[in-house]
Amino acid sequence: MMISAAPPEARKDTTSTAKKSCSLKREQVAFPIEVPRMMGLDTAAVLLGKGMLADELCITVRNLNYKINGERGACDADIVAAARGLEDRGERFLSHALRLRQAITRGAGWQWWSGSSDDWYEYGPFETREQAISELVGSEGFVAECLPAGDVSFSAQELIENQYFEDNDAFDFERSEPDRVGSSTAIDAANAELQGLLDAWCARHAKTFARGNLFAGTRNVERVEATPTEVQGR
């Protein structure tokens, strides 16, 4: 039998049977746990990647998983941060899509077109001059090599200046105060956001504009005389 050398008071069992009031997990603020928020964050994680989404929320991937799984709630700031991350990524995707479309236009190069006047070439594009002439079907007209214009685009700055400041009857031209309210940084950011929306819209819908007679340049313009009917029939 072993005998302890410690004094009697040191040998007493001091283990408390009372439950601890603190949780094993770090105390969390009670943010709402809602299925739409959980699903929204889960989809954002798929689109952005969990690492990038966690960076947008300024949390770790582990804490992000807690929010996606519903173990912790997601506050409004979390949802807004995720939305901003998606918007930023979306703008970059659309900007790159626009550059790809422009690359196709640039790669088209010079093409032959024909028309009833040298101001409007309605037939084309063709690979050869002869093909462009044949489209006139014996009528008098013009042929030329034309360089396709770039994609349709709209300027946010011109839109604001023309539609708001010039065409808006409610705008007071006599006022001496600044035209815009807020810091220059905020105004530039607002203009950039509008330009991004316009670019994205053009990237999706530029094909709805008729661009047959709009060219970046023309060369080898030639007038084509009408071909007599008996010559056409040979």
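Residues numbered from 1 in each chain as written. Predicted model: local features only at pLDDT ≥ 70, side-chain atom pairs only at ≥ 80, totals over all residues. Heavy atoms only, no water.

J.: Is there a simple way to explain the overall build of the chain in this structure?
T.: Secondary structure summary: the chain contains 8 helices and 4 strands in total. The secondary structure elements of the chain, listed N-terminal to C-terminal, are α-α-α-α-β-β-α-β-α-α-β-α. Burial statistics for the chain: of 234 residues in total, 25% are counted as buried. Summed over its atoms, the accessible surface of the chain is roughly 17,000 Å², and 54% of this surface lies on carbon and sulfur atoms. (Helix = DSSP H or I, 4+ residues; strand = E, 2+ residues; numbered from the N terminus. Buried < 20%, exposed > 50% of the residue type's maximum accessible area, 1.4 Å probe, protein only. Areas by Shrake-Rupley, 256 points an atom, 1.4 Å probe, with all protein chains shown as cover.)

J.: Help me out: how do you make sense of the sheet that holds strand β4 (residues 215-224) in this one?
T.: Two strands in a sheet stick together by hydrogen bonds in their backbones, pointing the same way (parallel) or opposite ways (antiparallel). Here we have 4 strands laid out as an open sheet, ordered β2-β1-β3-β4, and antiparallel in their pairing. On the outer flanks of this sheet lie β2 (123-126) and β4, each paired with one strand and no other. Taking each pair of neighbouring strands and ignoring which way they run, the sheet shows an average axis angle of 25°. Where strand β1 (residues 111-115) meets β2, 2 bridges bridge the pair, whose relative direction is antiparallel. Looking across to β2, one finds that serine 114 is bridged to tyrosine 123. (Pairing = 2+ DSSP bridges. Axes fitted to C-alpha atoms, helices over the stretch in contact; angles between N-to-C directions.)

J.: Hey, could you run me through the side chain of arginine 89 in this one?
T.: Relative to the helices and strands, arginine 89 is located in helix α4 (residues 76-108). The buried charged residue arginine 89 lacks any salt bridge, with aspartate 88 as its nearest oppositely charged partner at 6.2 Å. Beyond its immediate chain neighbours, meaning those up to four positions away, arginine 89 contacts Leu47, Leu48 and Met52. (Lys, Arg positive; Asp, Glu negative; His and termini not counted. Salt bridge = Lys/Arg side-chain N within 4 Å of Asp/Glu carboxyl O. Contact = heavy atoms within 4.5 Å.)

J.: Sorry if this is basic, but what is going on with the environment of asparagine 191 here?
T.: Assignment of secondary structure puts asparagine 191 in helix α7 (residues 184-205). For the pair formed by asparagine 191 and serine 155, sequence separation is 36 residues and the distance between their alpha carbons is 9.8 Å. Not counting residues up to four positions away in its chain, the partners in contact with asparagine 191 are Ala156, Gln157, Ile160 and Arg180. Of note is the side chain of asparagine 191, whose polar atom sits 3.2 Å from the side chain of arginine 180. (Polar contact = N/O pair within 3.5 Å; in protein donor to acceptor, adjacent residues only side chain to side chain.)

J.: I would appreciate a short explanation of helix α3 (residues 61-69) in the present structure.
T.: Residues lying three or four places apart along an α-helix face the same way, a consequence of the helix completing one turn every 3.6 residues. Listing the buried residues of α3 in full gives Asn63, Leu64, Tyr66, Lys67 and Ile68. Glycine 70 sits one or two residues past α3 and shows a positive phi near 85°.

J.: Whenever I open this one, the confidence of the model for the chain confuses me. Can you help?
T.: Low pLDDT marks regions whose predicted coordinates should not be analysed in detail. Per-chain confidence: the chain averages 77 in pLDDT, with 71% of residues scoring 70 or above. No element of the chain has a lower mean pLDDT than helix α8 (residues 229-232), which averages 54, and none a higher one than helix α5 (residues 129-134), which averages 93. Predicted confidence for residues 12-29 stays below pLDDT 50, and this span has 4 contacts to residues more than four positions away or in other chains. (pLDDT = per-residue confidence, 0-100.)

J.: Honestly, the side chain of lysine 67 in this entry has me stumped. Any pointers?
T.: Along the chain, lysine 67 turns up in helix α3. Looking at lysine 67, the relative accessible area reads 10%, which means it is buried. Beyond its immediate chain neighbours, meaning those up to four positions away, lysine 67 contacts Met38, Leu41, Leu57, Ile59, Arg72, Gly73, Ala74 and Asp78.

J.: In this structure, what is going on with the packing of helix α2 (residues 50-57) against α3? I would like to understand it.
T.: The axes of two packed helices give the description: the angle between them and the distance between them. Two elements in contact, α2 and α3, have axes whose closest approach is 9 Å; the angle formed by their N-to-C orientations is 90°. Compared by their axis directions, α2 and α3 come out roughly perpendicular. Only Val61, Leu64, Asn65, Lys67 and Ile68 of α3 make contact with α2, whose side of the interface consists of Lys50, Gly51, Leu53, Ala54 and Leu57. A breakdown of the residues in the contact of α2 with α3 according to their chemical character gives 6 nonpolar, 2 polar and 2 charged. (Parallel < 35°, antiparallel > 145°, perpendicular 65-115°, else oblique. Nonpolar A, V, L, I, M, F, W, Y, C, P; charged D, E, K, R; others polar.)

J.: It is not clear to me how the pattern of salt bridges should be interpreted in this structure. Could you clarify?
T.: Opposite charge on two side chains permits pairing when their charged atoms draw close. Under the counting rule described, the total for this entry stands at 9 salt bridges. The closest approach of N and O atoms between lysine 67 and aspartate 78, which form a salt bridge, is 2.9 Å. Of this pair, lysine 67 sits in helix α3 while aspartate 78 sits in helix α4, and the two are 11 residues apart along the sequence. The pair lysine 67 / aspartate 78 is uniform in exposure class, with both members buried. Residue aspartate 88 pairs with arginine 92 through a salt bridge whose shortest N-O separation is 3.1 Å. Of this pair, aspartate 88 and arginine 92 are both found in helix α4, 4 residues apart, which corresponds to roughly one turn of the helix. Residue aspartate 88 is classed as partly exposed on the basis of its relative accessible area of 36%. Residue arginine 92 is classed as partly exposed on the basis of its relative accessible area, which comes to 44%.

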